[in-house]
Amino acid sequence: MTLQYRFGQLTRLIRDPRTGVSLDERAWVDLIHLLRASDLLGCLYHLADIAGAFEHYPSYARRHLQSMRVYSDRQARQVRLECSEIDAQLSSVGIKPVFLKGAGYTLRGSRNSRGRIYTDIDALVPREEIYKAQAALKHDAWYSPPITDYDERYYRKWAHEIPPMKHLFRRTVLDLHHNIVPPISGRAPNINSLLEGLVTTTEGLLVLSPPAATLHSIVHLFTNEDFTKGFRDLVDLYLLMEEYGDKSYWQGLLSLAKRTGFSNELVYALASLKQVLEYPVPDSVWAELGDSARKLAQGFWAKQVFSRALSPHHPMVCGASEQLAIQLIYLRGHWMKMPVPVLIGHLSVKAGMGLWAKLFGKQHAERPLAVPNDTTDIDRA
Amino acid sequence: MFVINSGEFLFEIQHLPAFVLRPLRAIYGDQPPEALDGPADFRVSLRCDSLVRRFLRPQITFYSDRQAPFKPVARSQAFATLEWGMNWCVAAYDYTRLIIHAAVLEKNGRALIFPAAPGSGKSTLSAYLAFNGWNLFSDEMAIIDLTTGKVAPVFRPMCLKNESIELVRGWYPNAVMTQIAHDTQKGDVAHLKALDWQKFKSLHKTPVVGVVFPQFRANAALTVKKMQQIETFRQLCSHAFNYNIVGRPAFDLIGRLTLDTDHYSVTYCDLAEVNGFLVEEFGE
């Protein structure tokens, strides 16, 4: 059984959940584990449900999909509650936050929000008001867990967000942003471009327009050095485009990408979507993007690297070439983020940590792997 | 590859150090091949991550697929960390049933659940009852169907801690027990096989008729108090791993459990006295 074979089954399942009906038991076990590792169990539940396929899945698959559907439903309720609390608190000092990424999808109720798993809530406020916003939240049981002076300086000087805040009782994590990429990268766009066409939800909360939300997701993925959740992010883009991809959406997305300087990232996203999930990018979009974009889409990074690094990072589908692609992305992400001398220093530290991990075990070298929320007390059993 | 069918879940152990095979075979070795045939709910491993540690005081890490929820432990704790890891898988990923941190014992088609804080003597009590006419459905987790309200038997060993290890070994010298793992986060532990597969296969999902909150106290006379409904409800909620995630169905089920069962808090020193009370109250 080749790696590509299971990955092919996985992507087909996302594109057309009805293909799951004829899968054998062995395939389902592999796919359930791949979906679990990619945080996509809840997502497939909803896709299969909408496609009318869920009831025809074997009981084994139904049970695992249903289980994470329950979990994600609960998280969605939590996200709505947290967002309205944050909005009310910030509104009381005259700041109206815009909810980004997962929280934004859930508040809007877009298809890609169904079954979603969250690690935090992201909100955008004006740069000059970010510390006022932080202070206001501290009056409402949010706190900033202590970090080192170096990190504090790093955030204040270079970053597009302040250190994550945490709710004292509910343990929700909030990232307050004033931009979508760190100013140190030299690529932070005029944030007002993204704020055009903000959408007010029925609860009166603000979220980005579908093209702006899509662009943010693209920028987040393709300027990042870490593709661990890349496959999930790609499925996000796929579902956003499927749901919103009419003429005005594409016009908005193309224009926004150009104005903010992220056209190349858009091309990489479209090329990857086409290659990995066979998303039918409209010809008119390619025409609009022009010849250089076509070339970029056929180039080394788009064809050989991104598409490979975007498979789930699981040995079942991740072979030597995928590993290499992941390493290249890691280097590229850092390359773009930092000036060269800083980069060399940073990577030597990281390489040292890698060696350290190999010698002494990685639990001694890095933070424990992320576990699903609300399970921190489980080991009392 | 070693496979464990706990009744409700199938675990495939993809990788493990050879020395763990001995306790595994002792505890799970009587499962027939046909019981291990189904699709695996969780693929787990025990690995030695560190190169140095492979030779020097080796440490073992539990993995659920690619995820390592716990810190590495000493070699002697490998089997215990595997057991706790399997519990973690269930608690972290199953929201289709209500899962309460409790022991479950059954007699004559009537099940009792014993939710209790660590140190309350729950395991010692269950070990005693399990060898005195009750069937041990579970030592750690009551897995209750959200619709039928029935609790499922689980094919897993019980986890004895500290003094109760020698106590139970004294009562049942022939029982199958793993070697003691010293200095775990719960102190010294050993796992005790409380059911053979034949017996396990004869058990079925069973309605819950009682909730008992045990509290061991040295030299105490048996004291049985009927619990207030609101207190039972509160306790069951706080002992349920997934109450706040399952939400409404969990609320409804705990409500039904509270209304439809008898519930007691029991302070005891003499286990035989507790058994006497339970048989009288719930046995028939």
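Whatever comes next refers back to the structure up there.
Residues numbered from 1 in each chain as written. Chains lettered and ligands numbered in written order. Predicted model: local features only at pLDDT ≥ 70, side-chain atom pairs only at ≥ 80, totals over all residues. Heavy atoms only, no water.

### Observations regarding helix H10 (residues 230–244) of chain A
- Here H10 of chain A is 15 residues long and its end C-alpha atoms lie 21 Å apart, about the 21 Å a rise of 1.5 Å per residue gives.
- Taking burial as the measure, the 15 residues of H10 of chain A include 13 buried ones, the bulk of the element. (Helix = DSSP H or I, 4+ residues; strand = E, 2+ residues; numbered from the N terminus. Expected span 1.5 Å × (residues − 1). Buried < 20%, exposed > 50% of the residue type's maximum accessible area, 1.4 Å probe, protein only.)

### A short note on the pattern of salt bridges
- One pass over the full model with this rule turns up 27 salt bridges over all chains.
- A salt bridge links Asp16 of chain A to Arg18 of chain A; its shortest N-O distance comes to 3.0 Å.
- Here Asp16 of chain A falls in the partly exposed class, since its relative accessible area comes to 26%.
- For Arg18 of chain A, a relative accessible area of 52% gives the class exposed.
- Notably, a salt bridge pairs Asp262 of chain B with Lys226 of chain B, separated by 3.6 Å at the nearest N-O pair. Of this pair, Asp262 of chain B sits in strand E16 (residues 262–268) while Lys226 of chain B sits in strand E15 (residues 223–226), placing them 36 residues apart in sequence.
- Classification of Lys226 of chain B by relative accessible area gives exposed; the value is 57%.
- Connected via shared salt-bridge partners are Arg6 and Asp30 of chain A together with Glu12 and Arg43 of chain B. (Salt bridge = Lys/Arg side-chain N within 4 Å of Asp/Glu carboxyl O.)

### What about the sheet that holds strand E2 (residues 121–124) of chain A?
Residue and element names in this part refer to chain A.
- The sheet built from seven strands is open, its strands ordered E3-E4-E5-E2-E1-E7-E6 with mixed pairing. At either margin of the open sheet sits one strand with a lone partner, and together these are strand E3 (142–143) and strand E6 (199–200).
- One ladder, built from two bridges, connects strand E1 (residues 98–100) with strand E7 (residues 206–207); its direction is parallel. If you follow Phe99 over to E7, its bridge partner there is Val207. (Pairing = 2+ DSSP bridges.)

### A few points about the nonpolar core
- The biggest cluster of nonpolar side chains holds 161 residues, and the ones touching the most others in it are Trp28 and Tyr57 of chain A together with Leu24 of chain B.
- The element that contributes the greatest number of residues to this core is helix H3 (residues 78–93) of chain B, accounting for 12 residues.
- Once residues within four sequence positions are removed from consideration, Trp28 of chain A is found in contact with Leu13, Gly20, Leu23, Leu44, Tyr57, Pro58, Tyr60 and Ala61 of chain A.
- Among the nonpolar cores identified, the runner-up in size contains 30 residues, and Ile165, Val168, Leu192 and Phe277 of chain B belong to it. (Core = buried A, V, L, I, M, F, W, Y, C linked by side-chain atoms within 4.5 Å. Contact = heavy atoms within 4.5 Å.)

### A closer look at the packing of aromatic side chains
Residues and elements named next belong to chain B.
- Overall, the coordinates contain 31 aromatic pairs over all chains when judged by the stated rule.
- Relative to Phe200, the ring of Trp197 has its centre 5.2 Å away and its plane inclined at 40°; by these criteria the two rings are tilted. Linking Trp197 with Phe200, this pair stays in helix H6 (residues 197–201), spanning three residues, or about one helical turn.
- For Trp197, a relative accessible area of 7% corresponds to the buried category. (Phe/Tyr/Trp six-rings, centres within 6.5 Å; stacked < 30°, edge-to-face > 60°.)

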